[in-house]
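Examination of the molecular architecture
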Amino acid sequence: MQERYDAAAIEEKWQRQWEERDTFVVREDPDRQKYYLLEMFPYPSGRIHMGHVRNYSIGDVVARFKRMQGLNVLHPMGWDAFGMPAENAAIQHGTHPARWTRENIAHMRSQLKKMGFSYDWTREFATCDAEYYRWEQLIFLKMYEKGLTYKKSSFVNWCEPCQTVLANEQVEDGRCWRCDCEVEQKELEQWFFKITAYAQELLDETFHLKGWPEPVLTMQRNWIGCSTGCEIDFAVEGSGTVIKVFTTRQDTLYGATFMSLAPEHPMALELASAERRRGVEAFIAKVRRQDKTGRASGDYEKEGIFTGSYCTNPVTGDSLPVYLANFVLMDYGTGAVMAVPTHDQRDFEFASRYGIPKRLVIQPDGGVLTSETMTEAWIGSGRLVNSESFDGLDNETAKEKIADYLESRGIGRKRVNFRLRDWGVSRQRYWGTPIPILYCDGCGTVPVPEQQLPVLLPQDVRISGEGGSPLTQHESFLYTVCPNCGGRARRETDTFDTFVESSWYFVRFASPREHNAPFDRVAAEYWLPVDQYIGGIEHAVMHLLYARFFTKVLRDLDMLAVDEPFRNLLTQGMVCMETRSCPEHGWLFPEEVEEGCCSKCGRKVTLGRNEKMSKSKKNVVDPDQLIGRYGADTARLFSLFAAPPEKDLEWNEQGVEGCYRFLNRVWRAVYENMQDLAFTETVNEDAFAGRVLRRHTHRTIRKVTEDIDGRFHFNTAISAIMELVNTIYAFEAKKQCPSALREALETVVLLLSPFVPHLCEELWQLLGHSGGLEQAGWPNYEAAALTEDEKTIVVQVNGKVRGKVTVVADADQETLKAAALAEENVLRFIKNKTVRKVIVVPGRLVNVVAS
RNA sequence: GCCCGGGUGGCGGAACUGGUAGACGCAAGGGACUUAAAAUCCCUCGGCUUUUAGCUGUGCGGGUUCGAUUCCCGCCCCGGGUACCA
């Protein structure tokens, strides 16, 4: 055995062995318990960053742990390869998105391999493979047949000078990130998935996903946003039309004194009176210039305009002015809100601003509110007033009674409304899955026949960033023959939202080479659902909700008998690092800073706050350098030791140093004890020292097993192993207790192996085992080895620690109490006081209450 | 704005169900070994004080409790998401 720990040599050796022996290649085996472990696959941005290292290190610990426990572990990896950055790179550097993406994948694959992650690489695929996206097109066609996808118009961010649609992140303060021109809202016909048809089921199932973090479920419930209320008809005066509103506060209907509509409401213009029309048009145009995100998040001042029309409050008969208001969104409810200034704060402010009357209809218990003296809306409960026959009812009862009354009169109906909107999947972009639809002058919208799939994304395009998607100008792609009438047809040029690819990739991994269908049903039903899914908290709602939706769609298309895709979910925090900037050169990479100064100009560098690592702010650490200097095992260990998975992780180079030192310490612990381990005969094994070491060994097995399994407290698991290593170093009775020493060392190697597999495989072999770690299996602790003879109990007086007593481990309450009251320092504190009460927590503490 | 988290020494974090606050590691200081350095090993390490001990301390202000980092109420700050970044 070599004296020095040589990470590079060991890692290369074992990575080669794993590859040559297909160690992590799996297939379905009905006789073995399966375990499907999945980490969110990466976008191939160029190089892996510490967020990936962390995510995939976490996953690999679980994969290796479960394998050691004897499970049949599926642990695949692939690439979420369509998306905007590839197009941005094409615009900036002229590289074709396909080439850019393939090169990035090649580099990132080699980086992941150097980390020693235990993937079944035979299952790898990229979503930009036609062999993948063709099946996505097929699923779309099946959804189309079933009426789960449809077209409607909706608004997009539009930059007129660039002639292109902008993503929300490309809009900065309402301006285009490239040309800095004002962004406007443009109406386009777009494809949607009917996720709202699944709103109730998606919501109901959140109450059964026991393996998901509660905050994620809460976020999904709030996102789906189920509310029960009424749809109420308000007749427009002097016309035969009605405005339908949705409200959850029908108990305040008698207090409705105006109506507010979204500026995009289809009736907005027709309601404008002749003399107000120009003002209304100007207002609508103004709101269109406000970007969607900003409007929804209340960045803009709340304002509105009177249309000149009135509608009738169906219960009071009062005439209500109809306004357009920028804070009313067409996407929610009916796009029209009955406004009750006295009981809704937004309406209160709006009414005050525009001089609209207020009418109090709910009086809080014991309160004496009047509409004239109110300074804010009363949104709490109370009894109805000014509401005719409903006066005196508490408002919750009134909700029910008024809903019944509206239904009986035919002017309203009870309704459940979801905040969740249908999923718009059209993107006016090149680098995505083509939507398999044709438009024929004679036949209209025609789905591409299944046997003509895939609709291949053409490669011969130039991407300029101007004039929209190059597909709209690609003649041979654009024009084809209508399968119905044989006439000329034009292809859909929109591509899918990339969330569509990530909504079913976990199913494809079960049979990634299947050539006749999206997946092999038997394989998929063997592996699914995913037993443990691991990824960033930023995906808590959208990706995870879409994936759940898709799984249910596949089920209803009779393709897969699975209701929920992910049994257990772990959401990890961000990896952060401080930012650095130079007054001359802007953001700087860490390696561009020398002794606090910019390496380019020598100016003093300003340190910024800690932020999520991102290429744009250059606060990134390249794992390659880390692996080069310390090895993959150290990089893995540090990313796991520095913080628990769900918390944000702040980068700190010195912590890495410590982890590297620890691995050296483990290496030396084996190296230096090799001689002593050679003694196999048991000499005086019952010695007290040996029993103490064994107790620590078995306590560590229990602790590490509990920390890994289900709780993912890797940082404390590693701490516990460090403590055992410290104990081994301090263990003096090596010659007397060689088998206790061997047991302790081998336990360290086994427990540490999911974290630092290369080092541990090597040490396991050096310790004389030929079978490898997976064959060795995960150790079990012996309950008998854990028993203690004595325990130290804390004694408090009035809740403050005043002493400690050592008693036999199973001491009863009376013994504890007596020992506590006899403790010297405790006596000092209860002198001249009366003992009122003594609280005994067995095995922990005694608290003497005295006054 | 709305929804979801988080805030503990010089730093990362620990304390699992209300029961010793600061495990483990980093940094720092002191010492040993060495011609020297690296590596390694040992000791100290929240603050304050009258230092075998006491007071104080988990973002801030209250509350519940024998006892609160943990539970409740009200604030402040930071992070994530907010439907076209993935």
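Scroll up to find the structure.
Residues numbered from 1 in each chain as written. Chains lettered and ligands numbered in written order. Predicted model: local features only at pLDDT ≥ 70, side-chain atom pairs only at ≥ 80, totals over all residues. Heavy atoms only, no water.

A closer look at the overall build of chain A
Within chain A, the secondary structure is distributed over 27 helices and 35 strands. Along the first, second and third principal axes, the C-alpha atoms of chain A reach 105 × 85 × 65 Å. Of the contacts formed within chain A by residues at least 6 apart in sequence, a portion of 72% connects residues at least 24 apart. Summing over all exposed atoms, chain A offers an accessible surface of approximately 38,100 Å²; the carbon and sulfur share of this is 48%. Taking the average location of the 102 positive side-chain charges in chain A and that of its 119 negative ones, the two points are 3 Å from each other. (Helix = DSSP H or I, 4+ residues; strand = E, 2+ residues; numbered from the N terminus. Contact = heavy atoms within 4.5 Å. Areas by Shrake-Rupley, 256 points an atom, 1.4 Å probe, with all protein chains shown as cover. Lys, Arg positive; Asp, Glu negative; His and termini not counted. Charge placed at Lys NZ, Arg CZ, Asp CG, Glu CD.)

What about the side chain of Thr697?
Residue placement: Thr697 occurs in helix H20 (residues 688-708). Given the relative accessible area of 0%, Thr697 is considered buried. When neighbours within four sequence positions are excluded, Thr697 is seen to be in contact with Leu724, Glu743, Ala744 and Thr747. (Buried < 20%, exposed > 50% of the residue type's maximum accessible area, 1.4 Å probe, protein only.)

Some words on the packing of aromatic side chains
Two descriptors summarise a pair of aromatic rings, namely the distance from one centre to the other and the angle between the planes of the rings. According to the stated counting rule, one finds 48 aromatic pairs in the structure shown. In this structure an aromatic cluster arises from ring pairing among Phe140, Tyr144, Trp191, Phe193, Tyr198, Trp423, Phe496, Phe499, Tyr546, Phe549 and Phe550. A cation over a ring is seen here: Arg134 above Trp135, with NZ or CZ 4.6 Å from the ring centre. Above the face of the Tyr781 ring, Arg702 is positioned so that its terminal group lies 5.9 Å from the ring centre. (Phe/Tyr/Trp six-rings, centres within 6.5 Å; stacked < 30°, edge-to-face > 60°. Lys NZ or Arg CZ within 6 Å of the ring centre and 35° of its normal.)

Focus: the packing of helix H18 (residues 632-641) against helix H23 (residues 757-766)
Running from N to C, H18 and H23 point in directions that differ by 120°, and their axes come no closer than 7 Å. It follows that H18 is oblique to H23 by the angle criterion. Across the interface between the two elements, Ala632, Asp633 and Arg636 of H18 pack against Pro757, His758 and Leu759 of H23. For the contact of H18 with H23, the per-class residue count stands at three nonpolar, one polar and two charged. (Axes fitted to C-alpha atoms, helices over the stretch in contact; angles between N-to-C directions. Parallel < 35°, antiparallel > 145°, perpendicular 65-115°, else oblique. Nonpolar A, V, L, I, M, F, W, Y, C, P; charged D, E, K, R; others polar.)

Concerning the environment of Arg27
Its place among the elements puts Arg27 in the loop between helix H1 (7-20) and strand E1 (34-39). Taking the C-alpha atoms as reference, Arg27 lies 9.9 Å from Tyr526; in sequence the two are 499 residues apart.

What about the nonpolar core?
If you look at the biggest cluster of nonpolar residues, it comprises 183 residues, and the most contacted ones within it are Phe193, Tyr505, Phe506, Phe549 and Phe755. Aside from chain neighbours lying at most four places away, what touches Phe549 is Met143, Phe193, Lys194, Ile195, Tyr198, Leu202 and Trp423. If you look at the next biggest cluster of nonpolar residues, it comprises 37 residues, including Phe234, Val236, Met259 and Leu261. (Core = buried A, V, L, I, M, F, W, Y, C linked by side-chain atoms within 4.5 Å.)

Some points on the sheet that holds strand E11 (residues 304-312)
The mixed open sheet is built from four strands, whose spatial order is E11-E12-E10-E13. Each edge of the sheet is formed by a strand with only one pairing partner; in this case those strands are E11 and strand E13 (336-339). Mean inter-strand twist for the sheet, computed between neighbouring axes without regard to direction, equals 25°. Pairing geometry for E11 and strand E12 (residues 319-325), over six bridges, is antiparallel. Along E12, the bridge assignment pairs Phe306 with Tyr323. Each of E11 and E12 is contacted by helix H9 (residues 277-289), which is oriented at about 120° to E11, the strand it contacts most. Sheet contacts for helix H11 (residues 345-354): strand E10 (258-261), E11, E12 and E13; angle to E12, the most-contacted strand, approximately 105°. (Pairing = 2+ DSSP bridges.)

Points about the environment of Tyr119
Residue placement: Tyr119 occurs in the loop between helix H4 (97-114) and helix H5 (130-145). Separated by 101 residues in sequence, Tyr119 and Trp18 have C-alpha atoms that sit 10 Å apart. Setting aside anything within four residues of it in sequence, one finds Tyr119 in contact with Phe24, Glu39, Tyr56, His75, Pro76, Met77 and Leu112. Here the side chain of Tyr119 touches Glu39 through a polar contact of 3.1 Å, side chain to side chain. (Polar contact = N/O pair within 3.5 Å; in protein donor to acceptor, adjacent residues only side chain to side chain.)

Quick word on the sheet that holds strand E2 (residues 72-74)
An order of E2-E1-E24-E25 is seen for the four strands of this open sheet, with the pairing classed as parallel. The sheet is open, and its two borders are formed by E2 and strand E25 (569-572), each paired with just one other strand. Averaged over all pairs of adjacent strands, the angle between strand axes in this sheet comes to 15°, irrespective of strand direction. Taken together, the four bridges between strand E24 (residues 532-536) and E25 define a ladder with parallel strand orientation. Paired with Gly536 across the strands is Gln572, a residue of E25.

Brief notes about unusual backbone geometry
With an omega of 0°, the peptide bond between Leu453 and Pro454 qualifies as cis. Position of Pro454 relative to the elements: it lies in the loop between strand E20 (444-447) and helix H13 (475-478). In the segment running from Leu528 into Pro529, the intervening peptide bond is cis, with an omega of -5°. Note on placement: Pro529 falls in the loop between helix H15 (521-527) and E24. The phi angle at Asn386 is positive, at roughly 55°, despite the residue not being glycine. Locating Asn386 in the fold gives a position in the loop between strand E15 (383-384) and helix H12 (395-409). Of note, Asp558 is a non-glycine position whose phi angle comes to about 60°, a positive value. In this structure Asp558 comes out as exposed when scored by relative accessible area, which is 57%.

Digging into the pairing of strand E35 (residues 845-850)
Here strand E32 (residues 790-797) pairs with E35 via four bridges, running parallel. Directly across from Val795, in E35, lies its bridge partner Val846. Bridge count between strand E34 (residues 835-841) and E35: six bridges; the pairing is antiparallel. Note that in E35 the partner of Lys837 across the bridge is Val849. Connecting the antiparallel pair E34 and E35 is a turn made up of three residues, with Gly843 showing a positive phi of about 80°.

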